[in-house]
Amino acid sequence: MKRASHSVISGFFLRAILWLVPCLALWYLGRNYVAVAPAWLAEWAMKAVFPFWAHGSELHGTQQVLLTGLTVKMPGGRLADVAPEANVLTYAYGIPLLAALFLAVRAKGWWWKIPVGAVALLPFQAWGVCFTWLLQVAVQAGEATRAQTRFDAFDVNLIGAAYQIGFLLLPTLAPILIWLALDRRLIQQVLVEGALSAGAPD
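Position labels on residues start from 1 in each chain and follow its written sequence. Totals for whole chains, interfaces and linings use every residue, but because this is a predicted model, local features are given only for residues with pLDDT of at least 70 and side-chain atom pairs only at 80 or more, for both listing and counting. With hydrogens and water set aside, each side-chain value is computed from the structure's full complement of heavy atoms.

### Overview of the pairing of strand 2 (residues 63-68)
Quick reminder of the rule: Should DSSP find at least two bridges between two strands, the strands are taken to pair. Helix numbers and strand numbers start at the N terminus; a helix is a DSSP run of H or I with at least 4 residues, a strand a run of E with at least 2.
Examined bridge by bridge, strand 1 (residues 54-60) and strand 2 share six bridges and lie antiparallel to one another. Along strand 2, the bridge assignment pairs Leu-59 with Gln-64. The hairpin formed by strand 1 and strand 2 contains two residues between the paired strands, and Gly-61 there has a positive phi angle of roughly 70°. Sheet topology places strand 2 next to strand 5 (residues 85-87); three bridges connect them, and they run antiparallel. Bridging from a neighbouring strand, Val-65 pairs with Glu-85 of strand 5.

Rendered as structure tokens:
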């Protein structure tokens, strides 16, 4: 059973790596279009949750700048607007990973599962963008903006933890979970071949 399972999984990983190369290439070529949807969702979320100081955003290629009403004092007494930035592409590489997983298992209906999965990834991508902005506002410029944002120590710690989740965990875990939810062929194949191998005579 272990030998059969190992053979199936090894073949899957090899195919996934081979598919990931062209998927990444296509994703990078279309990077400016890939960034539009998560950028819009991130802007909407920030304006909804922090309407008093999050006023909108500007997207330059894949770099998104949050426009805020927050100000900090500069040398000489001048005031400058706080404008945190985030590279949307940092949180959107789950799309080619998801596509490679579906293609590696030769999933039935991959042509609709990939776009549906890509849409399902949007909240996780927006999460990463939002907490990148919040990290810059609450941590990096925290002392200068605290009176305006009213973030306390608990908020700052929560933002730091959420940023780590959005940066380290969600970009890779979310596409795998979505792939498993939409297609369980690999797991079924491992179980079937393992059962056949266990029942086969020595």
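### Some points on the packing of helix 4 (residues 94-104) against helix 7 (residues 153-182)
Heads up, the condition is: All axes are obtained by fitting lines to C-alpha atoms, using only the stretch in contact for helices, and the reported angles, taken between N-to-C directions, cover 0 to 180 degrees. Left-handed describes a crossing whose near helix is turned anticlockwise from the far helix by less than a right angle; the clockwise case is right-handed. Here a residue-residue contact requires only that any non-hydrogen atoms of the pair lie within 4.5 Å. Note that Gly is not counted as nonpolar here; it falls among the polar residues with everything else outside the nonpolar set of Ala, Val, Leu, Ile, Met, Phe, Trp, Tyr, Cys and Pro and the charged set of Asp, Glu, Lys and Arg.
At a closest axis distance of 9 Å, the pairing of helix 4 and helix 7 adopts a crossing angle of 35°. Pair helix 4 / helix 7 crosses with right-handed handedness. On helix 7, the residues that touch Gly-94, Leu-97, Leu-98, Leu-101 and Phe-102 of helix 4 are Pro-171, Thr-172, Pro-175, Ile-176, Ile-178, Trp-179 and Leu-182. Its residues placed into classes, the contact of helix 4 with helix 7 shows 10 nonpolar, two polar and no charged.

### Details of the pattern of salt bridges
Put simply, the rule reads: Each salt bridge in this description consists of a side-chain nitrogen of Lys or Arg and a carboxyl oxygen of Asp or Glu lying within 4 Å of one another. Any residue under 20% of the maximum accessible area for its type is buried, any over 50% is exposed, and the rest in between are partly exposed; the area is computed with a 1.4 Å probe on protein chains only.
In the structure shown here, the tally under the stated rule is three salt bridges. A salt bridge links Asp-183 to Lys-113, with the shortest nitrogen-to-oxygen separation between them at 3.2 Å. Of this pair, Asp-183 sits in the loop between helix 7 and helix 8 (185-199) while Lys-113 sits in helix 5 (residues 110-140), and the two are 70 residues apart along the sequence. The pair formed by Asp-183 and Lys-113 is uniform in burial state, with each residue classed as buried. As a salt-bridge pair, Arg-146 and Glu-143 come within 3.1 Å of each other at their nearest N and O atoms. Placement of both Arg-146 and Glu-143 in helix 6 (residues 142-149) is noted, with a separation of three residues, approximately one turn of the helix.

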